[in-house]
Amino acid sequence: MKNLKKQDPQIHKAIIGELKRQQEGMELIASENYVSEAVLEALGSVFTNKYSEGYPGQRYYGGQEYTDVVEKIAIDRAKKIFGAQHVNVQPHSGAPANIICYFALLKPGDTVLGMDLSHGGHLTHGHPVTLPAKIYNFVRYKTKADGKIDYKELEEIAVKHKPKLILAGFSAYTRQLDYKKFRAIGKKVGAITMFDIAHIAGLIAGKALPNPVPYFDVVTTTTHKTLRGPRGGMIMCKKKYAQAIDKATFPGFQGGPHENNVAAKAVAFGEALKPSFRLYAKQIIKNAKVLEKELTKHGFKLMFGGTDNHMVLVDVFGSKGVTGKEAEVALDKVGITLNKNMIPDDSRNPMDPSGIRIGVPAVTTRGMKEKEIVKIAKWIKDTIENHRNNKKLKEIKKEVIALCKRFPIYKNL
Ligand SMILES: *Cc1c(COP(=O)(O)O)cnc(C)c1O
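Only a predicted model underlies this, so the values are computations on that prediction, with no experimental measurement involved.

### Overview of the pattern of salt bridges
Side-chain pairs of opposite charge can arise whenever the charged atoms involved come near each other.
Logical step 1: Evaluated as defined, the whole model comprises 20 salt bridges.
Logical step 2: With a closest N to O distance of 2.8 Å, Arg 59 and Asp 68 form a salt bridge. Exposure class is identical for Arg 59 and Asp 68. Each is buried.
Logical step 3: With its nearest N and O atoms 2.9 Å apart, the salt bridge here joins Glu 292 to Lys 289. Of this pair, Glu 292 and Lys 289 both sit in helix 12 (residues 275–297), three residues apart, which is roughly one turn of that helix.
Logical step 4: Given the relative accessible area of 17%, Glu 292 is considered buried.
Logical step 5: Each of Lys 320, Lys 378, Lys 381, Asp 382 and Glu 385 takes part in a single network of salt bridges with overlapping partners.

What follows is the structure, given as structure tokens:
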């Protein structure tokens, strides 16, 4: 970054600081990851200068010979990974991708049936503060005490409310969904089915979880979580909905696509097609299972009874009398980054909930395996149990940094 260093030392310094933070810290935020240097290079490329409103072969501006190349490659690779009939790689991120789908498939006032937010659903699935909640009528299904979804109850709610759209997908739910049941319920009530796989896309791409794309009418995702690409969104759908989705993306909701970002998505999808990505996805699940086992051993209560994916949701308040916020702050002090999170039907408030969410995709990218996860679980326990003991926290921090140094990232930056 020699130009940046010379021209704008303030921003350069902040970037170097962030790089060091990422290198030295233990990243356990379930939605974060480290992209490859190749993805960073595509993201920082001259494609950022180019306007390319429209789609490959049908653009509103000239000079598209190379934007068309990268966007077509991105689409083809996504189709190959997920077996999708139609792909739109232009959504700027996960939230826009979801809003675009609502806009494409619904009329104002239509009913959407989605997962309760405190049971793992995402803000964009109809939280009252969001735009979609002002436009559409969201109704909810929940998980049962054992963490499973009661599909009979889901069906009853669907029959009662006659939703136009049934939503699957989550940011803090840890169990495998029954794709066929969603499809059957959608069919029974005449609803379109949509699955937001933002969190688990990489696990699906790496064949560590079954692929839902054949079962749902529409599938949205982010590209920057387990899929390990640039920040961005993507929509996959059946041919039947292709035109509506493309029109709702542009000109319906967005302007020009970010082709530097599309190029970086193509690079990440290329990585996801390699055999090494399958090993990565498999290792994520192995690591999450070890985390589940160790935390349970240390006396933590895991919501939904454990995990089938890359994360766990822990009731730290119920387990140790420490709130989610207190746990997050204490763990930050030892260099372990994660987030406080609501647990199902949380009696505490969202700013200081009962839970924390812990995910392993980023540490798995660094090469950490079962042995390291055992250590991490112990540090989490010791930090939470000693959250007011600054001397102890300092000792743990030294150990955390030492382990991270043994698993370097971005050696060539
Ligand atoms: C992260 C996430 C999103 C939003 O993605 P952004 O890129 O932050 O807009 C949408 N849905 C789910 C389920 C998510 O986990």
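### Examining the domain arrangement of the protein
Logical step 1: Taken domain by domain, the protein consists of domain 1 (40–272) and domain 2 (281–406).
Logical step 2: Centre-to-centre separation of domain 1 and domain 2, based on C-alpha positions: 29 Å.
Logical step 3: The interface is formed by 22 residues belonging to domain 1 together with 24 residues belonging to domain 2.
Logical step 4: Here domain 1 meets domain 2 over a buried area of about 1800 Å², counting both sides, of which 58% is carbon and sulfur.
Logical step 5: Counting across the interface, domain 1 meets domain 2 through two salt bridges.
Logical step 6: Note that Arg 175 and Asp 308 form a salt bridge whose closest N and O atoms lie 2.8 Å from each other.
Logical step 7: For the pair domain 1 and domain 2, the number of links is 15 residue pairs in polar contact (both at pLDDT 80 or more).

### A look at the packing of helix 14 (residues 324–333) against helix 16 (residues 370–385)
Logical step 1: One can describe the packing of helix 14 onto helix 16 by two numbers: an axis separation of 9 Å at closest approach and a directional angle of 115°. Compared by their axis directions, helix 14 and helix 16 come out roughly perpendicular. Of the two elements, helix 14 crosses helix 16, and the hand of that crossing is right-handed. Together, Ala 327, Ala 330 and Leu 331 of helix 14 and Ile 380, Thr 383 and Ile 384 of helix 16 make up the contact between the two elements.
Logical step 2: In the contact of helix 14 with helix 16, the residues fall into five nonpolar, one polar and no charged.

### Points about the site of the ligand
Logical step 1: As a matter of local geometry, the ligand sits amid 14 residues, with Ser 93, Ala 95, Ser 171, Asp 196 and Lys 225 nearest to it.
Logical step 2: Within the side chain of Ser 93, a nitrogen or oxygen atom sits 2.4 Å from an oxygen atom of the ligand.
Logical step 3: Ala 95 is positioned with one of its backbone polar atoms (N or O) 2.8 Å from an oxygen atom of the ligand.
Logical step 4: Bound to the protein, the ligand loses 85% of the 380 Å² it would expose on its own.
Logical step 5: The biggest single contributor to the shell around the ligand is helix 5 (residues 94–105), with three residues.

### Points about the sheet that holds strand 4 (residues 86–88)
Logical step 1: Strand order in the open sheet made by the seven strands is 4-10-9-8-7-5-6, with mixed pairing throughout. Lying at the two open borders of the sheet, with one neighbouring strand each, are strand 4 and strand 6 (137–141). Going across the sheet, the axis of each strand differs from the next one's by a mean of 20°, ignoring polarity.
Logical step 2: Pairing of strand 4 with strand 10 (residues 233–237) involves three bridges; the strand directions are antiparallel. Along strand 10, the bridge assignment pairs Asn 88 with Ile 235.
Logical step 3: On the sheet, helix 5 packs against strand 6, strand 7 (165–169), strand 8 (192–196), strand 9 (218–222) and strand 10 and is oriented at approximately 160° with respect to strand 9.

### Section: the packing of helix 12 against helix 16
Logical step 1: Look at helix 12 against helix 16: their axes get within 9 Å of each other, and the N-to-C directions meet at 40°. Considering the relative orientation of helix 12 and helix 16, their crossing is right-handed. Only Glu 370, Ile 373, Val 374, Ala 377 and Ile 380 of helix 16 make contact with helix 12, whose side of the interface consists of Gln 283, Lys 286, Asn 287, Val 290, Leu 291, Glu 294 and Leu 295.

### Observations regarding helix 10 (residues 239–253)
Logical step 1: With 15 residues, helix 10 extends 20 Å between its outermost C-alpha atoms, agreeing within 8% with the 21 Å of an ideal straight helix rising 1.5 Å per residue.
Logical step 2: Every buried residue belonging to helix 10 is among Tyr 241, Ala 242, Ile 245, Asp 246, Ala 248, Thr 249 and Phe 250, and all of these are buried.
Logical step 3: The secondary structure elements touched by the buried residues of helix 10 are strand 2 (54–55), strand 4, helix 5, strand 8 and strand 10.

### Looking at a nonpolar patch on the surface
Logical step 1: Among the surface-exposed residues, Met 1, Ile 11, Ile 15 and Ile 16 lie close enough to one another that they form a single nonpolar patch of about 350 Å² accessible area.
Logical step 2: Checked against the element boundaries, Ile 15 lands in helix 2 (residues 9–24).

### What about the pairing of strand 9?
Logical step 1: Among the five residues in strand 9, five count as buried, and that is most of the element.
Logical step 2: Burial of strand 9 is two-sided: the residues Val 218, Thr 220 and Thr 222 facing one way and the residues Val 219 and Thr 221 facing the other way are all buried.
Logical step 3: Pairing between strand 8 and strand 9: three bridges, direction parallel. Its bridge partner being in strand 9, Met 194 is matched across the sheet by Val 218.
Logical step 4: When strand 9 meets strand 10, the two strands line up antiparallel, connected through five bridges. Along strand 10, the bridge assignment pairs Val 218 with Cys 237.

### Let's talk about the side chain of His 86
Logical step 1: Summarising the element assignment, His 86 is placed in strand 4.
Logical step 2: A distance of 2.9 Å separates the side chain of His 86 from the side chain of Asp 246, its partner in a polar contact.
Logical step 3: Those residues in contact with His 86, other than ones at most four positions away along the chain, are Lys 79, Ile 235, Met 236, Cys 237, Ala 242 and Asp 246.

Quick notes on the rules
Residues numbered from 1 in each chain as written. Predicted model: local features only at pLDDT ≥ 70, side-chain atom pairs only at ≥ 80, totals over all residues. Heavy atoms only, no water. Salt bridge = Lys/Arg side-chain N within 4 Å of Asp/Glu carboxyl O. Buried < 20%, exposed > 50% of the residue type's maximum accessible area, 1.4 Å probe, protein only. Helix = DSSP H or I, 4+ residues; strand = E, 2+ residues; numbered from the N terminus. Domains from an automatic or database assignment. Contact = heavy atoms within 4.5 Å. Buried area = accessible area lost by both parts, 1.4 Å probe. Polar contact = N/O pair within 3.5 Å; in protein donor to acceptor, adjacent residues only side chain to side chain. Axes fitted to C-alpha atoms, helices over the stretch in contact; angles between N-to-C directions. Parallel < 35°, antiparallel > 145°, perpendicular 65-115°, else oblique. Left-handed = near helix turned anticlockwise from the far one by under 90°. Nonpolar A, V, L, I, M, F, W, Y, C, P; charged D, E, K, R; others polar. Near = heavy atom within 4 Å. Areas by Shrake-Rupley, 256 points an atom, 1.4 Å probe, with all protein chains shown as cover. Pairing = 2+ DSSP bridges. Expected span 1.5 Å × (residues − 1). Patch = residues over 30% accessible without salt bridge, like charges linked within 9 Å, V, L, I, M, F, W, Y side chains within 5 Å.

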